[in-house]
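Now for the letters of each chain:
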Amino acid sequence: MLHQPIRTLALIVAGAVAGASSLLAEPGPAAAPRDALAQMASPAAIAEYQRKLAEYQQARAAFDQEAGAYWKAISDKRRTRNAKRRDRQPIGLDDYVLEQPPVYSGPKRPVNPEPEPEGEPRERKYIPVVADLVKAAQEHFQWSPQRPNNDIDFKRAYARFAAAAGLTREQAVRVYAFETGGNGKHDSQSGFKGNRAISTAIGYNQLLTTNSVELLAEQGPLFIRLLGERVAHTSGPARGAMEHKLAVLKKMVAIARSVPDEWSAHEKIGNTPQGWAMHAMVLDIDVGPMLQTHKLLTSVLFARAKGYTRPLSAAELEMMNLTGDGTGFDMVTMPLDMRDQVPTANFFQRGGYERNPVAVRHNTVAKLLAVTDARMDSLSNLPGAKELAAAF
């Protein structure tokens, strides 16, 4: 939240800009020359632009050729590591690209002095917010998630389930702190640009719609059994609501399991209003903690199934949470003496790496884990993280 003086200054600036815009919009003698200049460019300016554009295109083509070779080597090394890991062969420094990615340092693309035709406006995909999820649940399943009276109730329910499932307090609290900024609530959504959501990530471990669908598909039978046990121990008026919730959960699990167990298939469901309704389960005080816990627990079990018996640190667990179990496991199992030498680029596709300033700035495995740990240290001292720690 901005402090009052800054907000006041912003309003003053906004008012000044609005006033200027209204003046520019008025027809008058001054408007015509500006419009005429905008439509015309001298032959010399056009020639200079074309010369600079050719220089830029030549430099960019040379860079793309160099970068293409680098990222092909990254992919080739990754395939080699995966094959070695399947065959239980040792992995060493030679199995990674040890140089940092090339960085473009040539000229910038010049600005065209002539007006360019505007392309068709790209339709922006709508990202649902919590209200949309609740509405979809009502429309598709005639059900609403049972929300807590306050967030500490949800934290207690999550802590009980997470501890019983095998997550440690350190893992749960530090990942929560990192994912939510240390003060997140059970219905906190990842981020907004203005009044528009930029992600469907919700809750203590920031589940996407696809995560919810995938967890319902893979862990659904377990969730149904556990919720069924709670129904059996519920009496009075609350029992009817619990029985309805269980029936809804069974329907959701059946839908999630009706497609191949693949991320793309689950993502397709997650992008529909029916998938939004399934994502609403993350808000429910009974099923939400199950989804939040298994978002992390699947990574713990993945490492264990690969023969990795040492408890994962919270930072290591977060790497698996963020990059996927296979890629994260590659980092987690790396010997400490190699982590200073292996660039983070080895664990990304080119586009994902270039859009990730944290991985670019902290460009070795050791640095990325260290900055993650440091951020967890800082955010774990905030009230929300302390509340979750006390709930264990």
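Quick notes on the rules
Residues numbered from 1 in each chain as written. Predicted model: local features only at pLDDT ≥ 70, side-chain atom pairs only at ≥ 80, totals over all residues. Heavy atoms only, no water. Phe/Tyr/Trp six-rings, centres within 6.5 Å; stacked < 30°, edge-to-face > 60°. Buried < 20%, exposed > 50% of the residue type's maximum accessible area, 1.4 Å probe, protein only. Helix = DSSP H or I, 4+ residues; strand = E, 2+ residues; numbered from the N terminus. Lys NZ or Arg CZ within 6 Å of the ring centre and 35° of its normal. Expected span 1.5 Å × (residues − 1). Core = buried A, V, L, I, M, F, W, Y, C linked by side-chain atoms within 4.5 Å. Contact = heavy atoms within 4.5 Å. Polar contact = N/O pair within 3.5 Å; in protein donor to acceptor, adjacent residues only side chain to side chain. Salt bridge = Lys/Arg side-chain N within 4 Å of Asp/Glu carboxyl O. Arc of directions from axis to C-beta. Axes fitted to C-alpha atoms, helices over the stretch in contact; angles between N-to-C directions. Parallel < 35°, antiparallel > 145°, perpendicular 65-115°, else oblique. Left-handed = near helix turned anticlockwise from the far one by under 90°. Nonpolar A, V, L, I, M, F, W, Y, C, P; charged D, E, K, R; others polar.

A.B. asks: If you had to explain the packing of aromatic side chains to someone new, which residues and values would you point to?
C.D. replies: What characterises a pair of aromatic rings is the spacing of the ring centres plus the angle enclosed by the ring planes. As enumerated under the stated definition, the model contains twelve aromatic pairs in all. Arranged with centres 5.4 Å apart and planes meeting at 80°, the rings of Tyr-70 and Trp-71 form a pair that is edge-to-face. As far as the burial class goes, Tyr-70 and Trp-71 line up, both buried. Relative to Phe-329, the ring of Tyr-308 lies with its centre 6.0 Å away and its plane at 85°, an arrangement referred to as edge-to-face. Note that Tyr-308 is positioned in the loop between helix H11 (288-305) and helix H12 (314-323) and Phe-329 in helix H13 (residues 325-332), a separation of 21 residues in sequence. There is no split in this pair, since Tyr-308 and Phe-329 are both buried. Feature note: the residues Tyr-70, Trp-71, Phe-348 and Tyr-353 constitute an aromatic cluster, connected by ring pairs. For Arg-60, the ring lying beneath its charged end belongs to Tyr-104, and the centroid distance is 4.6 Å.

A.B. asks: Talk me through helix H5 (residues 151-165); I want residue IDs and the actual numbers.
C.D. replies: Taking 1.5 Å of rise per residue, 15 residues should cover 21 Å, and H5 covers 21 Å from first to last C-alpha, within 8% of that figure. By the burial criterion, the buried members of H5 are Asp-151, Phe-154, Lys-155, Ala-157, Tyr-158, Ala-159, Phe-161 and Ala-162. Just past H5, the residue Gly-166 takes up positive phi, approximately 115°.

A.B. asks: So what about the nonpolar core? Which residues, and what values?
C.D. replies: Counting 49 residues, the largest nonpolar core has Trp-71, Tyr-158, Leu-167, Leu-312, Met-334, Phe-347 and Val-365 as the members making the most contacts within it. Of all the secondary-structure elements, those providing two or more residues to this core are helix H3 (43-86), H5, helix H6 (169-180), H11, H12, H13, helix H17 (365-379) and helix H18 (383-391). Not counting the four nearest positions on each side in its chain, Val-365 is found in contact with Met-331, Met-334, Arg-339, Val-342, Thr-344 and Phe-347. Core analysis: the next-biggest nonpolar cluster, separate from the first, contains 36 residues, Val-130, Phe-223, Val-231 and Ile-255 among them.

A.B. asks: Quick one: what's the story with the side chain of Asp-151, residue by residue and with numbers?
C.D. replies: Among the secondary structure elements, Asp-151 is positioned in helix H5. Engagement of the side chain of Asp-151 in a polar contact is seen with the side chain of Tyr-204, the distance being 3.0 Å. Not counting chain neighbours up to four residues away, the residues in contact with Asp-151 comprise Gly-184, Lys-185, His-186 and Tyr-204.

A.B. asks: Summarise the pattern of salt bridges; cite the residues concerned and give the values.
C.D. replies: On inspection of all chains with the given rule, the structure shows 24 salt bridges. Salt-bridge contacts for Arg-225 lead to Glu-229; the nearest nitrogen and oxygen are separated by 3.1 Å. Of this pair, Arg-225 and Glu-229 both sit in helix H7 (residues 209-232), four residues apart, which is roughly one turn of that helix. Among the residues examined, Arg-225 registers a relative accessible area of 46% and is labelled partly exposed.

A.B. asks: So, H18: which residues are in play, and what are the values?
C.D. replies: Those residues of H18 lying buried are Gly-384, Ala-385, Leu-388 and Ala-389. Looking straight down H18, one finds its buried side chains confined to an arc of 140°; they lie on one side. Projecting away from the buried face of H18 at angles above 90 degrees are the exposed residues Pro-383, Lys-386 and Ala-390.

A.B. asks: Requested: an account of the environment of Tyr-353, with residues and values cited.
C.D. replies: With respect to the element layout, Tyr-353 can be found in helix H15 (residues 350-354). Owing to a relative accessible area of 5%, Tyr-353 belongs among the buried residues under this scheme. For the pair formed by Tyr-353 and Pro-101, sequence separation is 252 residues and the distance between their alpha carbons is 9.7 Å.

A.B. asks: Would you mind going over the packing of H11 against H13 in detail, with residue names and values included?
C.D. replies: The geometry of H11 relative to H13 is characterised by a closest axis approach of 10 Å and an angle of 60° between their N-to-C directions. Looking at the two axes, H11 sits oblique to H13. As H11 packs across H13, the resulting crossing turns out to be right-handed. Note on element contacts: H13 touches H11 through Asp-325, Gly-326 and Phe-329, opposite Thr-298, Ser-299, Phe-302 and Ala-303. The residue inventory of the contact of H11 with H13, partitioned by class, reads three nonpolar, three polar and one charged.

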